[in-house]
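Single-letter residue listing:
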Amino acid sequence: MRRILFLLIFLPLTLTAKLNIAVSYPYIGALLHEIGGENVKVTVLAKGNWNPHFVVPRPSLISKLRRSDALIMNGAQLEIGWLPPLIRRAANTKVNPNAQSFLNLSHQIDLILKPKSVDRSLGDVHPDGNPHFHLDPNNILILAQKISDFLVRIDASNQQEYEKNTAVFMKKWKHHLLRWEDVMKPKKGMQVIQFHNNLAYFNAAYGLKNIGTIEPLPGIPPSSRHTLELIKLIKKNKPSCILHDVYHSTKTAQYLVDKTGIKLIIMPHDVGALESIDSLVGLFDYLTEAIDYD
Amino acid sequence: MKKSTYLALCASTLLYAEAPAVKPLSQRTFSQSQFIPDISLIVDTSFAYRNKDQDGLGGLSIPGVVEDFFGQGETDGHEHTGYSSDNGFNINYAELVLSSNVDPSFRLDSVFHFGLDSVEIEELYFTNTTLIDGLRIRGGKILSNFTRFNSQHQHFWDFNEVPLVYKGFLGSEKLNELGLQFQYTLPLEEYVILGLEVSQGDNEKSFGNDTLTLSNAQEIKGADAPSLLVTYIKTSFDIGDTTVVPGFSYIHGQSRSLDAHDGHEVAFDGTSSLYNIELTVKHYFDSYSFLSWQSEWMRLEKKGDEYHLENNVLEVHDQKIEQEGYYSQLVYAHDQNLRVGVRYDSIYKNAYDFSEEALPSTPYKRYSAMGEYHFSEFSRLRLEYTHNSALFKEGVNGFEAENVDSVILSLNLAIGAHGAHDF
């Protein structure tokens, strides 16, 4: 009881000291931490090693949203299956989609692979386009700028700090972009297979070609008929490798490896997807170096 | 490939050259189609096989708890049918869900429950979350949020039937009342919510406030509505990838009921209290695979006067009914496709201060086991086996136990807007 009283009295004070901002995915948290610096306390809702489409809507996430001053999400329907009820249950006007302190990052990006028609027989299609846009490292610059503008909008008192942090971050990031460009240059035109097309933006950025997915349709688990077709495709087109996410079973991929000898590479999609990935730079370092070519 | 696409494009251009251009939705001047609410339709069909024929199922009951278990019993003037109540093919329900924001202050949700020859408004309520931070206000017809299970719609249940304690203490439709609901999430590190609901108080099993009139013109005074109060506290914490959700609820309200059969009328005038303790422990192995243990204990206490009228002779007795039971279930999701589960149901106390005939000794038990295959998020095939030993038939020497075994294969399909997953 005493603890509760203590919290009730001191919680509002601690909130004013630092902006408490909830973000849906770890990559947004990492970016926000760079831009917000000491003025922002980042609360990440999803875990990096979970399928971003299927985040477990634990009740503890409601209390996190309940106490947040702002919310930044990926958007493009990536959170549609888990975030809306959490927002409603938290009943916090500051994290309502119509609030000034709510940011939907997908609005800042030109989404690719927007389906011409939408039908559930085509699997779990995203009507707005492919939502995994943060995996194009060039987009990170756009997102950093938008997050910076957002922070200035909701916390003008620290404007200089946010703008300074953004400039420092962008300078570093541009340097890394050149480095990754170099690493990926020889891999241009390489053909790959994926489980789900979540590397669409990464592939587009570096000219990799996705020629097939292990799931027959987005969100539909592998079927034996489709797997047999994939074996034929792999034997015919000789793609370099299977790029596999961390959150689906590699059972079918392993079967393809056994049948065709194709290489299997695990590709993390977010910070924290693998234990060794603890930063945004680390994520793209891993992604660009994981693909070897011969 | 490319060439053929090109040719097809040219051909189609020629074919449709004369047709007026249809503008995309966003550019039609007066189009309001963007404002269409989220719509979805959920359909459940099944095939049932039981060790008893339809006549054998009729008249089975849990004495003093559930009358006519498989029956199409009529209560409150409308018909209720059990899940897959007919042997053979069944269309169990179609649920039409419409919801949308009304304006910056309100959201409106509605669920229409269709049976083969019935329609019912299952839920129809507004939600406001903007008045006070942490406070969610709902008003209308609402499935009470007093437990995890009570607020879940049928397609979300892990087993076909409501647990025995719900069927016995609240009825197949659970606590689904007209009223106001207030839920407050405390501004704490831990998840703690307090709930308060004030309802009309018209539950088919335990609550009611109507004035009753017996056939000898004896009147039993009703109570003013709203006459039902629901309170609860729930909390939740995580231990690594395991989430624990305990909760406690207390419900109190007026109770009036009138049953008449074979020229014998029984009326009850008093109050009912319902206590519930729930605990869910859910462990996630990854995004899809989990092990979930969910249990609820319930106690129903009814106190008041019971009126018996037979051959125009009226007797009034003090009545106190105490019933207790619980269910416990374990569900394991192996991956996106496969899910298996078992459930145990028990009503272990069924005490009447006054009873005309001896009730069979408790516990009344039911065992269920199910396996599911999810083709996608939107379709699910379920095979469920149930062994129900809670049922009795009234014979010449009192109640005789009748075990019912059933195997039900059901297919559940959902179209339209994507409903978000609740925990």
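Residues numbered from 1 in each chain as written. Chains lettered and ligands numbered in written order. Predicted model: local features only at pLDDT ≥ 70, side-chain atom pairs only at ≥ 80, totals over all residues.

1. Some details on the overall build of chain A
Phase 1: From N to C terminus, chain A includes 10 helices and eight strands.
Phase 2: For 294 residues, the compact-globule formula gives about 19 Å, and the C-alpha radius of gyration of chain A, at 21 Å, lands near that figure.
Phase 3: Considering only C-alpha atoms, chain A reaches an extent of 65 × 40 × 40 Å along its principal axes.
Phase 4: In chain A, which comprises 294 residues, the proportion classed as buried is 44%.
Phase 5: Here the analysis covers contacts within chain A between residues at least 6 apart in sequence; of these, 61% occur between residues at least 24 apart. (Helix = DSSP H or I, 4+ residues; strand = E, 2+ residues; numbered from the N terminus. Rg over C-alpha atoms; globule rule 2.2 N^0.38 Å. Buried ≥ 20, exposed ≤ 12 C-beta atoms within 10 Å, placed from the backbone. Contact = placed C-beta atoms within 7 Å.)

2. A closer look at the overall build of chain B
Phase 1: On a plain count of helices and strands, chain B comes out with three helices and 22 strands.
Phase 2: With the C-alpha coordinates of chain B rotated into their principal frame, the extents come out at 90 × 50 × 50 Å.
Phase 3: Counting contacts in chain B only where the partners sit at least 6 residues apart, residues at least 24 apart contribute 59% of the total.

3. Describing the sheet that holds strand S7 (residues 241-244) of chain A
Residues and elements named next belong to chain A.
Phase 1: Read across the open sheet, the four strands follow the order S6-S5-S7-S8; overall the sheet is parallel. Both outer strands of the open sheet, strand S6 (209-213) and strand S8 (263-266), are each paired with one neighbouring strand and no more. Each strand axis lies, on average, 35° off the axis of its neighbour in the sheet, ignoring direction.
Phase 2: Bridge analysis of strand S5 (residues 191-194) against S7 gives three bridges, and the strand direction is parallel. Each bridged residue has a counterpart across the sheet, and for Gln194 the counterpart in S7 is Leu243.
Phase 3: Set on the sheet, helix H8 (residues 224-237) makes contact with S5 and S6; between it and S6 the angle comes to about 150°. (Pairing = 2+ DSSP bridges. Axes fitted to C-alpha atoms, helices over the stretch in contact; angles between N-to-C directions.)

4. A short note on the interface of chain A and chain B
Phase 1: At the junction of the two partners, chain A supplies 33 residues and chain B supplies 33 residues.
Phase 2: Every element with two or more residues in the side of chain A that touches chain B is listed here: helix H1 (2-17), helix H3 (59-66) and helix H4 (83-90) of chain A.
Phase 3: Per-class residue counts for the side of chain A that touches chain B are 18 nonpolar, nine polar and six charged. (Nonpolar A, V, L, I, M, F, W, Y, C, P; charged D, E, K, R; others polar.)

5. Describing the domain arrangement of chain A
Residue and element names in this part refer to chain A.
Phase 1: On domain assignment, one finds that chain A holds domain 1 (2-177) and domain 2 (190-290).
Phase 2: Computed from C-alpha atoms alone, the centre-to-centre distance between domain 1 and domain 2 is 26 Å.
Phase 3: Elements represented by at least two residues in the side of domain 1 that touches domain 2 include exactly helix H2 (26-36) and helix H5 (137-154).
Phase 4: Residues belonging to the side of domain 1 that touches domain 2 are distributed by class as follows: 14 nonpolar, nine polar and three charged. (Domains from an automatic or database assignment.)

6. Some remarks on the environment of Ala205 of chain A
Residues and elements named next belong to chain A.
Phase 1: Tracing the sequence through the fold places Ala205 in helix H7 (residues 200-206).
Phase 2: Expressed as a C-alpha distance, the spacing of Ala205 and Phe133, which sit 72 residues apart in the sequence, is 10 Å.
Phase 3: In this structure Ala205 touches Asp136, Pro137 and Asn138, once residues within four positions along its chain are discounted.

7. As for H8 of chain A
Helical geometry: 3.6 residues make up each α-helical turn, so side chains three or four residues apart lie on a common side.
Phase 1: For H8 of chain A, built from 14 residues, the straight-helix expectation of 20 Å at 1.5 Å per residue is met to within 8% by its first-to-last C-alpha distance of 20 Å.
Phase 2: One or two steps after H8 of chain A, the chain reaches Lys238 of chain A, where phi turns positive at roughly 50°. (Expected span 1.5 Å × (residues − 1).)

8. Describing helix H9 (residues 251-260) of chain A
Residue and element names in this part refer to chain A.
Phase 1: Among all positions of H9, only Thr252, Ala253 and Leu256 are buried. What you see down the axis of H9 is that its buried residues fit within an arc of 100°, all on one side. Opposite its buried face, H9 presents the exposed residues Lys251 and Asp258, each directed more than 90 degrees away.
Phase 2: Contact partners of the buried residues in H9: H8, S7 and S8.
Phase 3: Gly261 sits one or two residues past H9 and shows a positive phi near 75°. (Arc of directions from axis to C-beta.)

9. Re unusual backbone geometry
Phase 1: Residue Ala225 of chain B is joined to Pro226 of chain B through a cis peptide bond whose omega torsion reads 0°.
Phase 2: Looking at the secondary structure, you find Pro226 of chain B in the loop between strand S11 (219-220) and strand S12 (228-239).
Phase 3: Of note, the bond from Thr362 of chain B into Pro363 of chain B is cis; its omega dihedral lies within 30 degrees of zero at 0°.
Phase 4: One non-glycine residue, Leu113 of chain A, adopts positive backbone phi at about 55°.
Phase 5: Relative to the helices and strands, Leu113 of chain A resides in the loop between strand S4 (102-104) and H5.
Phase 6: Despite not being glycine, Ser84 of chain B has its phi angle at roughly 50°, a positive value.
Phase 7: Secondary-structure assignment places Ser84 of chain B in the loop between strand S3 (78-79) and strand S4 (88-101).

10. Brief notes about the sheet that holds strand S1 (residues 19-23) of chain A
Backbone-to-backbone hydrogen bonds pair the strands of a sheet. The strands run either parallel or antiparallel.
All names here are of chain A.
Phase 1: Strand order in the open sheet formed by four strands is S2-S1-S3-S4, with parallel pairing between adjacent strands. In this open sheet, the two strands that pair with only one neighbour each are strand S2 (40-44) and S4. Across the sheet, the mean angle separating the axes of adjacent strands is 20° when strand polarity is ignored.
Phase 2: In this sheet, S2 lies alongside S1 in parallel orientation, the contact comprising five bridges. If you follow Ile21 over to S2, its bridge partner there is Val42.
Phase 3: In the packing of H2 onto the sheet, the strands contacted are S1, S2 and strand S3 (70-73), and the crossing angle to S2 comes to about 175°.

11. Re the pairing of strand S19 (residues 379-388) of chain B
Residues and elements named next belong to chain B.
Phase 1: Pairing of strand S18 (residues 364-376) with S19 involves 10 bridges; the strand directions are antiparallel. Residue pairing for S19: Ser376 is matched across the bridge by Ser379.
Phase 2: Once S18 ends, the chain turns through two residues before running back antiparallel as S19.
Phase 3: In terms of strand pairing, S19 meets strand S22 (residues 404-416) through 10 bridges, oriented antiparallel.

12. Things to note about the packing of H2 of chain A against helix H6 (residues 159-184) of chain A
Residue and element names in this part refer to chain A.
Phase 1: Contact geometry for H2 and H6: axes closest at 7 Å, N-to-C directions at 120°. One element, H2, and the other, H6, form an angle in the oblique class. Note on element contacts: H6 touches H2 through Tyr162, Asn165, Thr166 and Phe169, opposite Glu34, Ile35 and Gly36.
Phase 2: Class assignment for the residues of the contact of H2 with H6 results in three nonpolar, three polar and one charged. (Parallel < 35°, antiparallel > 145°, perpendicular 65-115°, else oblique.)

13. Quick notes on the nonpolar core
Phase 1: Of all hydrophobic cores here, the largest spans 77 residues; its most connected members are Val23, Leu31, Leu32, Leu65, Ile72 and Ile147 of chain A.
Phase 2: For this core, the two domains that each supply at least three residues are domain 1 (2-177) and domain 2 (190-290) of chain A.
Phase 3: For Val23 of chain A, the residues in contact, after removing those within four places along its chain, are Ile28, Gly29, Leu32, Val42, Val44, Leu45 and Ile72 of chain A.
Phase 4: Counting residues in each nonpolar core, the second largest holds 30 residues, with Leu60, Phe69, Phe146 and Val230 of chain B among its members. (Core = buried A, V, L, I, M, F, W, Y, C linked by C-beta atoms within 7 Å.)

14. A closer look at the packing of H3 of chain A against H4 of chain A
Residues and elements named next belong to chain A.
Phase 1: The geometry of H3 relative to H4 is characterised by a closest axis approach of 8 Å and an angle of 55° between their N-to-C directions. For the element pair H3 / H4, the angle class is oblique. The hand of the H3/H4 crossing is right-handed. Residues Leu61, Ile62, Leu65 and Arg66 of H3 touch H4, and the partners they reach there are Leu86, Ile87, Arg89 and Ala90.
Phase 2: Split into classes, the residues belonging to the contact of H3 with H4 amount to six nonpolar, no polar and two charged. (Left-handed = near helix turned anticlockwise from the far one by under 90°.)

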